[in-house]
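One letter stands for each residue in the lines below.
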Amino acid sequence: MLRYVAGKAGRAVFVVWAAFTLTFILLYVLPANPVDLLFDPAEVNSVPPEVKAAVAESYGFTEPVLVQYLDRLGHAVRGDFGTSAQTGASVASSIAGVLPATLGLAVGALALALVIAFVIALVATAARQRWLRNLVESLPTASVSIPVFLSGILLLQIFAFRLGWFPAFGERGWQSLVLPLVTLAIPVSGPIAQLLVRSFATEFRSGYVTTSWAKGATRARIIVGDVFRNASLPALTIAAVTFGSLMVNAVIVETVFARKGLGRMTQTAINTLDLPLVQGIVVFVAAAFALINLVVDLVYPLLDPRLRATLAVAGGRGTR
């Protein structure tokens, strides 16, 4: 078990280190002159050379690349990604300032996506009519096929502009969170629902289900009491994996609904070539992604006795 935990923790650390190293190469090494990226492209040619030299000195660009890398890595380990080139605020405080808004949106969207996915899987498994089952099973594919910006605009047009049920933009209480939540949850629910539908169908054909039928259990009792737990375990893994797409779609959702958050700040940082902020956001998202997957990997053996038994057998062999 200890080897399993160490392996998963090592993989999480590797993911974060790889994200930092790749962004360092892309942002600070590959550009011909990274100092030019810190200025407005329309004004970069008019910046005096002494100003560029001072900026290069302050950012450490005059040092060898390896020295720059190790210096930035050392600061990053302590949570210091420097200061934003546009605002002058520290990258850590900039991310912390918008994080609660994005975190609330992402967690709420993931929870809503899980509810939608489970409802689809349960209805598809419980449906006796073939046409109804096929119809429900096609919903996940349809949800993935709709671009996020299109579903957001459609929801705005119907529920904000025509019906007036929810505010269109801004952050005015929980009402302004409903449409962004639904927009973000729709594409995320698709892959989870597809996995759950297949998992429920597989478990429904298992031997223990036949035993339950023989004991006179009803279809609803078998689905809820026997199949639900075993078929739900894969959803934990896919829910963690979809966190990355959740953050990508948050950029679009926060832009469409004019909400502040990490996604919108990412778009602004890329447009203004704010290199320290871009690197800080990428590493933060990678760390969050790795942490969530690590938690799921550690929780999984507690929920799945088959994996727990496999790890126990492997641990016993390792001690011999």
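Residues numbered from 1 in each chain as written. Predicted model: local features only at pLDDT ≥ 70, side-chain atom pairs only at ≥ 80, totals over all residues. Heavy atoms only, no water.

Some remarks on the overall build of the chain
Across its full length, the chain holds 14 helices and zero strands. Reading the secondary structure of the chain in the N-to-C direction produces α-α-α-α-α-α-α-α-α-α-α-α-α-α. Of all 320 residues assigned to the chain, the portion counted as buried reaches 38%. Considering only intrachain contacts with a sequence separation of at least 6, the fraction spanning at least 24 residues in the chain is 70%. (Helix = DSSP H or I, 4+ residues; strand = E, 2+ residues; numbered from the N terminus. Buried < 20%, exposed > 50% of the residue type's maximum accessible area, 1.4 Å probe, protein only. Contact = heavy atoms within 4.5 Å.)

Focus on the nonpolar core
Counting 36 residues, the largest nonpolar core has I192, L196, F200 and V227 as its most contacted members. Of all elements in the fold, only helix 5 (91–126), helix 7 (148–162), helix 8 (175–204), helix 10 (219–241) and helix 11 (243–256) reach the threshold of two or more residues within this core. The greatest single-element share of this core, amounting to eleven residues, is contributed by helix 8. Leaving out residues up to four positions away in the same chain, L196 has contacts with A117, F118, A121, A231, S232 and A235. In this structure, Y28, V35, V55 and I95 belong to the second largest nonpolar core, which totals 23 residues. (Core = buried A, V, L, I, M, F, W, Y, C linked by side-chain atoms within 4.5 Å.)

Brief notes about the packing of aromatic side chains
Across all of its chains, the model carries four aromatic pairs by this definition. Pairing F14 with W17 gives two aromatic rings, centres 5.8 Å apart and planes at 40°, and the pair type is tilted. With F14 and W17 both in helix 1 (residues 2–29), this residue pair falls three residues apart, about one helical turn. By relative accessible area, which is 51% here, F14 ends up exposed. (Phe/Tyr/Trp six-rings, centres within 6.5 Å; stacked < 30°, edge-to-face > 60°.)

Here we look at the side chain of T183
As for its position among the elements, T183 is in helix 8. Excluding residues that lie within four positions of it along the chain, T183 makes contacts with V148, S151, G152, L155, V253 and F257.

Re a nonpolar patch on the surface
On the surface, I146, F149, L150, I153, L154 and I252 cluster together to form a nonpolar patch covering roughly 500 Å² of accessible area. Examining the composition of the nonpolar patch, we find that four residues originate from one element, helix 7, more than from any other. By secondary structure assignment, the location of I153 is in helix 7. (Patch = residues over 30% accessible without salt bridge, like charges linked within 9 Å, V, L, I, M, F, W, Y side chains within 5 Å. Areas by Shrake-Rupley, 256 points an atom, 1.4 Å probe, with all protein chains shown as cover. Salt bridge = Lys/Arg side-chain N within 4 Å of Asp/Glu carboxyl O.)

Some details on helix 5
The terminal C-alpha atoms of helix 5, which comprises 36 residues, lie 50 Å apart, in line with the 52 Å expected from a rise of 1.5 Å per residue. Of all the bends in helix 5, the largest measures some 45° and sits at L99, one to four residues before the proline P100. (Expected span 1.5 Å × (residues − 1). Bend = angle between axes of the 7 residues up to and from the residue.)

Quick word on the environment of V224
One can find V224 in helix 10. The sequence separation of V224 and L122 amounts to 102 residues, and the corresponding C-alpha distance is 8.6 Å.

A look at the packing of helix 5 against helix 12 (residues 262–271)
Close contact between helix 5 and helix 12 brings their axes to 8 Å; oriented N to C, the two are set at 135°. Classified by the interaxial angle, the pair formed by helix 5 and helix 12 is oblique. For the pair helix 5 and helix 12, contact is made by S94, I95, V98 and T102 and by L262, G263 and M265, respectively. In the contact of helix 5 with helix 12, the residues fall into four nonpolar, three polar and no charged. (Axes fitted to C-alpha atoms, helices over the stretch in contact; angles between N-to-C directions. Parallel < 35°, antiparallel > 145°, perpendicular 65-115°, else oblique. Nonpolar A, V, L, I, M, F, W, Y, C, P; charged D, E, K, R; others polar.)

As for the packing of helix 5 against helix 8
For the pair helix 5 and helix 8, interaxial distance at closest approach is 5 Å and the crossing angle is 40°. In terms of orientation, helix 5 and helix 8 fall into the oblique class. Regarding helix 5 and helix 8, the two cross each other, and that crossing is right-handed. Across the contact of helix 5 with helix 8, the residue classes tally to 27 nonpolar, three polar and no charged. (Left-handed = near helix turned anticlockwise from the far one by under 90°.)

With respect to helix 7
End to end, helix 7 covers 20 Å across 15 residues, agreeing with the expected 21 Å (1.5 Å per residue, within 8%). When the local axis directions of helix 7 are compared, the greatest deviation, roughly 30°, occurs at L156. Residues of helix 7 that are buried include every one of V148, S151, G152, L155, L156 and A160, and no others. Of the residues one or two after helix 7, G164 is the one with positive phi, at around 70°.

A look at the environment of A101
Mapping A101 onto the fold places it in helix 5. Since its relative accessible area comes to 18%, A101 is described here as buried. Between the C-alpha atoms of A101 and G261, which are 160 residues apart in sequence, the distance is 5.5 Å.

Focus: the confidence of the model for the chain
Looking at the chain as a whole, the pLDDT averages 79, with 89% of positions reaching at least 70. Mean pLDDT across the elements of the chain bottoms out in helix 14 (residues 305–319) (65) and peaks in helix 4 (residues 65–77) (85). (pLDDT = per-residue confidence, 0-100.)

Let's talk about the environment of F20
When you line up the elements, F20 lands in helix 1. Along the primary structure F20 and A76 are separated by 56 residues, whereas in three dimensions their C-alpha atoms are 8.5 Å apart. Apart from the residues within four sequence positions on either side, F20 is in contact with Y69, R72, L73, A76, F81, Q279 and V283.

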